[in-house]
Amino acid sequence: QVQLVESGGGLVQAGDSLRLSCAASGRTFSGYGMGWFRQAPGKEREFVAAIRWSGGTTYYGDSVKGRFTISGDNAKNTVYLQMNSLKPEDTAVYYCAVSRERYIIYSTRGYDSWGQGTQVTVSS
């Protein structure tokens, strides 16, 4: 029903900024909201940020709080992740997904309709 495509990744230097986009087709703005996760080789998929449609409440992982901002643009059927002050530790494949569980925000268990991911590489 919902198809998500991430874009905007690339190779940047530490301290630089990137804006990732998650374009939705089908039933847009469904579920309870959207989330961004990331996964580095050999590591578990990690929560980055989420936004709830009701009230627009946002949530951030401790490692990105103060540096990343999640937002949505219903006119463009797109959710964004603005990433500032990037660090080498931010290097990962970044995925967006639809939140399907009201009380699950930080776990991958609460999401589905995952996109294909976009690679972010931050050099030191």
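None of the values given here were measured: they were computed from a predicted structure. (Residues numbered from 1 in each chain as written. Predicted model: local features only at pLDDT ≥ 70, side-chain atom pairs only at ≥ 80, totals over all residues. Heavy atoms only, no water.)

1. Let's talk about the sheet that holds strand β1 (residues 2–7)
By way of backbone hydrogen bonds, the strands of a sheet pair with one another, either parallel or antiparallel. Strand order in the open sheet formed by four strands is β1-β3-β8-β7, with antiparallel pairing between adjacent strands. The two strands at the open ends of the sheet, each matched to only one other strand, are β1 and β7 (68–73). Each strand axis lies, on average, 15 degrees off the axis of its neighbour in the sheet, ignoring direction. For strand β3 (residues 18–26) and strand β8 (residues 78–83), the ladder comprises six bridges, and the chain directions are antiparallel. Paired with C22 across the strands is V79, a residue of β8. (Pairing = 2+ DSSP bridges. Helix = DSSP H or I, 4+ residues; strand = E, 2+ residues; numbered from the N terminus. Axes fitted to C-alpha atoms, helices over the stretch in contact; angles between N-to-C directions.)

2. Digging into the state of the cysteines
All told, the structure shown has one disulfide when counted by the stated rule. Here C22 connects covalently by a disulfide to C96, the sulfurs 2.0 Å from one another. Its S-S torsion of approximately 70 degrees makes the covalent link between C22 and C96 right-handed. Linking C22 in strand β3 with C96 in strand β9 (residues 92–99), this pair joins segments that are 74 residues apart in sequence. We note that C22, like C96, is buried. (Disulfide = S-S within 2.5 Å. Buried < 20%, exposed > 50% of the residue type's maximum accessible area, 1.4 Å probe, protein only.)

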